[in-house]
Amino acid sequence: MLGEVLHAFFFWMPAVVAIGHGLGMRHALARAIMVWGGGAFAVGMGVVVLGMLACDGKILTGYSACLGGADGLFAALGPALRGATYVYILAGPPLVGAAYLIEWLSGRTRRTA
């Protein structure tokens, strides 16, 4: 059980850290990407982590061994939870990279005076 809790914590925490770090960014677009994107991912991953902990401890496997059985809430949300996980893994890093690039380029152009 401890392994599942630690896995869930380390899976969810990058989205929470993105919010905290985004609040300190100077450029408005970079800040919006980090804060709003991190917030959306934190909420989405919170639901995924709850589903992971309520089920068999796996994210991308079948959701039949959940609380409530095969007819439970998390079993019904299984495909949506898997899709949210893929979006988090595949879209999160490019968005963070874009935010850091925007922040870096905006800092570079401001210092030319």
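Up top is the structure these notes are about.
No experiment lies behind these values; they were computed from the predicted model shown.

Let us look at the overall build of the protein chain. Regarding its fold elements, the protein chain presents four helices and zero strands. N-terminal to C-terminal, the α/β element order of the protein chain is α-α-α-α. Taken over 113 residues, the protein chain has a buried fraction of 31%. Restricting to contacts in the protein chain with at least 6 residues of sequence separation, those with at least 24 account for 59%. Surface summary for the protein chain: the accessible area is close to 6,700 Å², and the carbon and sulfur share equals 74%.

This part takes up the packing of helix H1 (residues 2-22) against helix H2 (residues 28-54). Relative to each other, H1 and H2 sit at 165°, their axes nearing to 7 Å. In terms of orientation, H1 lies roughly antiparallel with respect to H2. Note that H1 runs across H2; the crossing there is left-handed. Residue composition of the contact of H1 with H2, by class: 17 nonpolar, six polar and two charged.

The subject of this paragraph is the side chain of Glu-103. Along the polypeptide, Glu-103 turns up in helix H4 (residues 78-110). Classification of Glu-103 as buried rests on a relative accessible area of 13%. There is a polar contact of 3.1 Å between the side chain of Glu-103 and the backbone nitrogen of His-27. When sequence neighbours within four positions are dropped, the list of residues in contact with Glu-103 reads Met-25, Arg-26, His-27 and Ala-30.

In this structure, Phe-11, Ala-15, Met-45, Val-48, Ile-59, Phe-74 and Tyr-88 are the most contacted members of the largest nonpolar core, which totals 16 residues. Contributing elements (two or more residues each) for this core: H1, H2 and H4. Per element, the largest residue contribution to this core is seven residues, and it comes from H2. Met-25, Ala-30, Met-34 and Ala-99 belong to the second-largest nonpolar core, a separate cluster that totals five residues.

Turning to the pattern of salt bridges, a few remarks are in order. Opposite charge on two side chains allows them to pair when their charged atoms are near. If you walk through the whole model with that rule in mind, you get one salt bridge. Ionic pairing is found between Glu-103 and Arg-26, a salt bridge with its closest N-O pair at 3.8 Å. A residue pair is termed long-range when its members are at least 10 positions apart, and Glu-103 in helix H4 and Arg-26 in the loop between H1 and H2 qualify at 77 residues.

Another aspect to go through is the environment of Gly-51. The topology assignment puts Gly-51 in helix H2. The buried category is assigned to Gly-51, whose relative accessible area is 0%. On a C-alpha basis, the gap between Gly-51 and Leu-81 in space is 7.9 Å, while along the polypeptide they are 30 residues apart.

Rules and cut-offs
Residues numbered from 1 in each chain as written. Predicted model: local features only at pLDDT ≥ 70, side-chain atom pairs only at ≥ 80, totals over all residues. Heavy atoms only, no water. Helix = DSSP H or I, 4+ residues; strand = E, 2+ residues; numbered from the N terminus. Buried < 20%, exposed > 50% of the residue type's maximum accessible area, 1.4 Å probe, protein only. Contact = heavy atoms within 4.5 Å. Areas by Shrake-Rupley, 256 points an atom, 1.4 Å probe, with all protein chains shown as cover. Axes fitted to C-alpha atoms, helices over the stretch in contact; angles between N-to-C directions. Parallel < 35°, antiparallel > 145°, perpendicular 65-115°, else oblique. Left-handed = near helix turned anticlockwise from the far one by under 90°. Nonpolar A, V, L, I, M, F, W, Y, C, P; charged D, E, K, R; others polar. Polar contact = N/O pair within 3.5 Å; in protein donor to acceptor, adjacent residues only side chain to side chain. Core = buried A, V, L, I, M, F, W, Y, C linked by side-chain atoms within 4.5 Å. Salt bridge = Lys/Arg side-chain N within 4 Å of Asp/Glu carboxyl O.

None of the figures reported here should be taken as evidence of function without further support.
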